[in-house]
Every structure is written in C-alpha cells, then in structure tokens.
Amino acid sequence: MTDDHAGMSTDDRAELDFWSFVDLAGRRLSEEYGFRHRLATRLLLTLNRASAIVTYDLESTVHRPRGHSWSAFRLLFVTWLAGPLEPGRAATLAGMSRAAVSNLSKTLVADGMLARTRGERDGRSVILALTERGQEAMLEIFAGQNERERQWADVLTETEQRMLVMLLDKLIAGRGSFDARERS
C-alpha cells in the first residue's frame with residue numbers, strides 16, 4: 001500500500017537504512033524541492049553520521065565502562081594535556097559551552113579527578129587542574145581510547161588517514177569564507 005508521502009509504502013519506509021535514506025533525501029530534495037547542492041548534503045550527512053558513530057563507540061567501549069561520559073573525557077583530556085586552565089579556556093579547547101564545563105567540573109571535582117582553585121587574575125576567576133588521581137586515571141583511560149582510535153584508523157591506509165585529516169582540516173579552515181558559527 002502506497003501513501004501519498006514520497007510515493008513510498010509503509011513497508012518501503014520501514015526498510016530504509018541510513019544510506020538508502022541519504023539517497024532518498026538527496027533525490028527528494030533535488031527533484032521535488034529544487035535544492036541543487038545534493039553532494040554537499042550527502043557530504044555533511046555522512047560526516048555527521050561518522051562523527052556520531054565514532055563518538056558513541058568511544059563513549060560506550062572506553063568511557064562509560066570507566067564511569068565517565070564523552071564530555072567528561074573531553075574536559076579531562078584538555079586539562080590533562082594543556083595543564084591548569086580557566087573554565088572558559090577549557091570550554092574552547094574541548095568544544096563545549098562554558099555552562100557545560102561548569103556543571104561537569106562540579107561532578108569531576110566531587111569524583112576527585114579535578115581540582116578547582118582560585119585564579120590569580122581576580123577574585124572570581126577559577127582554575128581547573130587534574131588531581132593526582134585524575135592524572136593516573138587519564139593515563140589508563142587514554143590507553144583504552146588510543147587503542148580504539150587505532151582500530152578505527154586501521155580501516156584506512158596511512159596515506160588515506162593523512163588525506164582524510166588534510167581534507168577535514170581544509171573543510172574546517174574554510175569556515176571563515178561563509179561566517180560559520182562555532183562555540184568559542
């Protein structure tokens with residue numbers, strides 16, 4: 001039985017997977033609605049899907065089993081490698097909002113992973129730093145993270161990995177040409 005929505009039956013819609021949906025979306029957006037940038041839509045749908053899959057995999061195989069979220073890892077990671085930071089700077093480096101860092105840091109301080117100390121700039125500034133426990137944990141956590149990263153990356157040759165990094169760098173560097181928005 002076909003309904004009047006996209007000329008697809010309920011069974012056809014039930015059989016859609018991500019890639020057949022991307023094909024359907026591209027076709028409908030182009031043919032029915034006149035949107036011309038079909039490849040751009042496919043590129044960004046694929047990029048977002050890849051990012052979501054990898055992030056979910058890392059969170060579920062590496063971080064959740066250790067009692068942390070992907071967001072917690074990102075905050076701990078930048079604090080671990082960049083050293084003590086003001087929350088705003090940590091937010092920028094981790095790609096998070098300041099509010100998210102503020103809320104997350106409370107939990108990580110309570111867990112003994114982070115320490116909050118007064119900053120030197122003024123009476124209201126705060127500095128986040130890993131505790132000794134946080135340092136030790138990050139060595140163990142990143143060992144698991146890095147092994148999982150290797151498993152993902154091994155699907156590509158070293159040359160393909162370098163090409164993908166180069167292309168993603170180019171995509172990100174080009175954001176200034178159209179006033180892209182991002183967290184800062």
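All of these numbers come straight from a predicted model, not from anything done at the bench.

**Let's talk about the overall build of the protein chain**
At step 1: Check the secondary structure of the protein chain and you find eight helices and two strands.
At step 2: Helices (α) and strands (β) of the protein chain occur, in sequence order from the N terminus, as α-α-α-α-α-α-β-β-α-α.
At step 3: The C-alpha radius of gyration computed for the protein chain amounts to 21 Å, which surpasses the reference 16 Å derived for 184 residues by more than 25%, pointing to a less compact arrangement than a globule.
At step 4: Reported as C-alpha extents along the three principal axes, the dimensions of the protein chain are approximately 65 × 40 × 35 Å.
At step 5: Taken across its 184 residues, the protein chain has 27% of its residues classed as buried.
At step 6: Surface exposure of the protein chain reaches about 12,800 Å², of which carbon and sulfur atoms provide 55%.
At step 7: In the protein chain, the 25 positive side-chain charges and the 26 negative ones have mean positions that sit 7 Å from each other.

**Side note on the pattern of salt bridges**
Side chains carrying opposite charge are able to pair once their charged atoms draw close together.
At step 1: Counting across every chain of the model gives nine salt bridges.
At step 2: Measuring nitrogen to oxygen at the nearest pair gives 2.7 Å for the salt bridge that ties Asp 23 to Arg 42. Pair noted here: Asp 23 is in helix H2 (residues 18–31) and Arg 42 is in helix H3 (residues 38–63), with a separation of 19 residues, a long-range link.
At step 3: Relative accessible area serves as the criterion here: at 37%, Asp 23 is assigned to the partly exposed category.

**A few points about the pairing of strand S2 (residues 126–130)**
At step 1: Across the five residues that make up S2, a large majority, four, are buried.
At step 2: As judged from the five bridges shared by strand S1 (residues 114–118) and S2, these two strands associate in the antiparallel manner. Within the sheet, the bridge partner assigned to Leu 114 lies in S2 and is Leu 130.

**Description of the nonpolar core**
At step 1: Of all hydrophobic cores here, the largest spans 24 residues; its most connected members are Leu 75, Leu 76, Leu 108 and Met 138.
At step 2: Contributions of two or more residues to this core are made by helix H4 (70–82), helix H5 (87–94), helix H6 (98–110), S2 and helix H7 (132–153).
At step 3: Residue contributions to this core peak at seven residues, all from H4.
At step 4: Beyond its immediate sequence surroundings of up to four residues, Leu 108 is in contact with His 68, Ala 72, Leu 75, Leu 76, Met 113 and Leu 114.

**What to know about the layout of surface pockets**
At step 1: Counted as a void, the largest pocket has a volume near 1,800 Å³.
At step 2: Leu 47, Ser 51, Leu 164, Leu 168 and Ile 172 are, among the 36 residues lining the largest pocket, the residues nearest its centre.
At step 3: Elements supplying a minimum of two residues to the lining of the largest pocket: H3, H5, H7 and helix H8 (158–173).
At step 4: At 11 residues, the largest contribution of residues to the lining of the largest pocket is made by H3.
At step 5: Within this model, the second largest pocket holds a volume of roughly 180 Å³.
At step 6: Along its surface, the second largest pocket is lined by Glu 86, Pro 87, Gly 88, Arg 98, Arg 121, Asp 122, Arg 124, Ser 125 and Val 126.
At step 7: The class makeup of the residues in the lining of the second largest pocket is two nonpolar, two polar and five charged.

**Examining unusual backbone geometry**
At step 1: Look at Asp 179: it is not a glycine, yet its phi comes out positive at around 60 degrees.
At step 2: Looking at the secondary structure, you find Asp 179 in the segment after H8.
At step 3: Overall, Asp 179 belongs to the exposed group, its relative accessible area being 64%.

Scoring rules and cut-offs
- Residues numbered from 1 in each chain as written.
- Predicted model: local features only at pLDDT ≥ 70, side-chain atom pairs only at ≥ 80, totals over all residues.
- Heavy atoms only, no water.
- Helix = DSSP H or I, 4+ residues; strand = E, 2+ residues; numbered from the N terminus.
- Rg over C-alpha atoms; globule rule 2.2 N^0.38 Å.
- Buried < 20%, exposed > 50% of the residue type's maximum accessible area, 1.4 Å probe, protein only.
- Areas by Shrake-Rupley, 256 points an atom, 1.4 Å probe, with all protein chains shown as cover.
- Lys, Arg positive; Asp, Glu negative; His and termini not counted.
- Charge placed at Lys NZ, Arg CZ, Asp CG, Glu CD.
- Salt bridge = Lys/Arg side-chain N within 4 Å of Asp/Glu carboxyl O.
- Pairing = 2+ DSSP bridges.
- Core = buried A, V, L, I, M, F, W, Y, C linked by side-chain atoms within 4.5 Å.
- Contact = heavy atoms within 4.5 Å.
- 1 Å grid on protein atoms, 1.4 Å probe; cavity = no way out; pocket = protein on both sides within 12 Å on 5 of 7 lines; lining within 4 Å.
- Points joined across faces, edges and corners; volume = space filled by probe spheres on them.
- Nonpolar A, V, L, I, M, F, W, Y, C, P; charged D, E, K, R; others polar.

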